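Breakdown of the fold
Each chain, letter by letter, is given below.
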Amino acid sequence: MSKFLSNAFAGLVPYTPGEQPQPGQRPVIKLNTNENPYPPAPAVRQLLQQLDEQPAGQLRLYSDPEVTDLRQAVAEFYDLQPEQVFVGNGSDEVLAFAFLAYGKGRRMAFPDITYAFYNVFAALFDVEARLAPLDEDFNIQPVDYLEDAEETVVLANPNAITGKNLPLVALEQILQFHTDSMVIVDEAYVDFGGESAVALLPKYENLLVVQTLSKSRSLAGARVGIALGQPAVIADLNTIKFSFNPYNVNRVSQALAAAAVRDKAYFAKCCQNIMANRQLVTEGLEAQGFQVLPSLANFVLARHQLLDGQQLYQKLKQRDILVRWFDEPRIRDFVRISIGTREDMQQLLAAVAEILQEVR
Ligand SMILES: *Cc1c(COP(=O)(O)O)cnc(C)c1O
């Protein structure tokens, strides 16, 4: 830290992303950042090959600040109006804008175990945060969010790190209570079997649904996230965006993302494959004595009595398999395993069997 950094940020602890091996390093089975193991839709690859031509190629020009075509594609996908769609540079940016718009000067509530970025945004933007503990089975308890109607709520559903789903009826209870504050639902993982709150948008002006193209549409590197809400709420996010970075989504990513959203069949197939592989790895781990939290996401959180989370993480890493271990109070015993291809899952299960032999 230099002596010039503002005091406001002297104690800021930034988010720690999962390891990203550099090109040229030994190949690993990368199951640590919930990326999609399958390539993006074929139309995305075609566009990339024609990068010098229209529409992706004109990098001399600024990107469309209205993100018109991509918003149209998303609106068509969900049967919404384009005025109900916002696009950000990854959903992390969308969430940051939502924290600014709906958190500054008020309190925000979210679970103790969830996407670690919520805490970081709260600290960065000086938003008061209230952490509500998950119950002992790692479920969100809706009653925890029925305390203060003024408080903004942010929930990942399915929840990050756990993969557990909150039923829409519970979410509706929370939405109905918070008539004067926003409820932000982060649906980064919803396409792997969860129930989207998008269907509730006509009923609730206080609902903001945030999604990402990073996971279910294999575009983590393109950095595209979306928010869906009633037009007035989307206008709020635009106020923040146009006060910060009007060209927040680059020209290439806008084109690639629109192509990915329009290929519904490929998207459905990828998600089905991930769900099938999730089932395979869940059953395989359980057969070896693991506790696996029931997940509707593209990862599972698993623990074994004979190994602590850090040991398992390290032993897998020695075998060139990267998973994620969080050195956090309630989840230290677990590792989070992203769902890869069927072959990835078979190799993981074989490695785990070897490791268990070693420690038995
Ligand atoms: C991955 C993830 C994000 C971030 O997605 P990007 O669009 O890649 O920024 C946001 N929220 C949750 C819960 C996530 O797991």
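Residues numbered from 1 in each chain as written. Predicted model: local features only at pLDDT ≥ 70, side-chain atom pairs only at ≥ 80, totals over all residues. Heavy atoms only, no water.

Within the structure, the ligand sits among 13 residues, and Ser 91, Tyr 189, Thr 212, Ser 214 and Lys 215 are positioned closest to it. Between the ligand and Ser 214, the relevant distance is 2.6 Å, taken from an oxygen atom to a side-chain nitrogen or oxygen of the residue. The side chain of Lys 215 places a nitrogen or oxygen atom 2.8 Å from an oxygen atom of the ligand. Contact with the protein chains covers 93% of the free accessible surface of the ligand, which is 380 Å². Counted by class, the shell around the ligand contains five nonpolar, four polar and four charged residues. (Near = heavy atom within 4 Å. Polar contact = N/O pair within 3.5 Å; in protein donor to acceptor, adjacent residues only side chain to side chain. Areas by Shrake-Rupley, 256 points an atom, 1.4 Å probe, with all protein chains shown as cover. Nonpolar A, V, L, I, M, F, W, Y, C, P; charged D, E, K, R; others polar.)

Once that is clear, we can look at helix α5 (residues 168-177). What α5 keeps buried is the set Leu 168, Ala 170, Leu 171, Glu 172, Ile 174 and Leu 175. Among the structural elements, β5 (152-156), β6 (183-186) and β7 (207-212) are those in contact with the buried residues of α5. (Buried < 20%, exposed > 50% of the residue type's maximum accessible area, 1.4 Å probe, protein only. Helix = DSSP H or I, 4+ residues; strand = E, 2+ residues; numbered from the N terminus. Contact = heavy atoms within 4.5 Å.)

Tallying each qualifying case throughout the model produces 17 aromatic pairs. Ring geometry for Phe 77 versus Tyr 78: centroids 4.9 Å apart, planes at 80 degrees, classification edge-to-face. Here Phe 77 matches Tyr 78 in class, with each residue buried. Taking 5.7 Å as the distance between ring centres and 90 degrees as the angle between the ring planes, the aromatic pair formed by Phe 138 and Phe 334 counts as edge-to-face. Of this pair, Phe 138 sits in the loop between β4 (128-132) and β5 while Phe 334 sits in the loop between β11 (321-322) and β12 (335-338); the two residues are 196 residues apart in sequence, bridging distant segments of the chain. For Phe 138, a relative accessible area of 7% corresponds to the buried category. Ring pairing ties together the aromatic residues Tyr 15, Phe 99, Phe 110, Tyr 115, Phe 117, Tyr 118, Phe 121 and Phe 125, which thus form one cluster. A cation over a ring is seen here: Arg 217 above Phe 77, with NZ or CZ 4.7 Å from the ring centre. Between Arg 217 and the ring centre of Phe 267, over which it is positioned, the NZ or CZ distance is 3.9 Å. (Phe/Tyr/Trp six-rings, centres within 6.5 Å; stacked < 30°, edge-to-face > 60°. Lys NZ or Arg CZ within 6 Å of the ring centre and 35° of its normal.)

Strand order in this open sheet of seven strands is β2-β8-β7-β6-β5-β3-β4, and the pairing throughout is mixed. Each having just a single partner strand, β2 (85-88) and β4 make up the two edges of the open sheet. Taking each pair of neighbouring strands and ignoring which way they run, the sheet shows an average axis angle of 20 degrees. In this sheet, strand β8 (residues 225-229) lies alongside β2 in antiparallel orientation, the contact comprising four bridges. Within the sheet, the bridge partner assigned to Gly 88 lies in β8 and is Gly 225. (Pairing = 2+ DSSP bridges. Axes fitted to C-alpha atoms, helices over the stretch in contact; angles between N-to-C directions.)

Core analysis: the biggest nonpolar cluster contains 123 residues, and Leu 208, Leu 228 and Leu 285 have the highest contact counts within it. Top contributing element to this core by residue count: helix α7 (residues 251-262), with eight residues. The residues contacting Leu 228, other than those within four sequence positions of it, are Val 74, Tyr 78, Leu 80, Gln 84, Val 85, Val 198, Leu 201, Leu 207, Leu 208, Val 209, Gln 211 and Ile 234. (Core = buried A, V, L, I, M, F, W, Y, C linked by side-chain atoms within 4.5 Å.)

In this section: helix α3 (residues 90-103). For α3, built from 14 residues, the straight-helix expectation of 20 Å at 1.5 Å per residue is met to within 8% by its first-to-last C-alpha distance of 19 Å. Taking burial as the measure, the 14 residues of α3 include twelve buried ones, the bulk of the element. Taken together, the buried positions of α3 are occupied by Gly 90, Ser 91, Asp 92, Glu 93, Val 94, Leu 95, Ala 96, Phe 97, Ala 98, Phe 99, Tyr 102 and Gly 103. At the C-terminal side of α3, Gly 105 shows a positive phi close to 80 degrees. (Expected span 1.5 Å × (residues − 1).)

Moving on: the state of the cysteines. In protein chemistry, a disulfide is the covalent bond that joins the sulfur atoms of two cysteines. Per the counting criterion, the structure on display carries zero disulfides. Of all cysteine sulfurs, the one in Cys 271 lies closest to Cys 270, which takes part in no disulfide; the gap is 6.7 Å. Looking at Cys 271, the relative accessible area reads 4%, which means it is buried. (Disulfide = S-S within 2.5 Å.)

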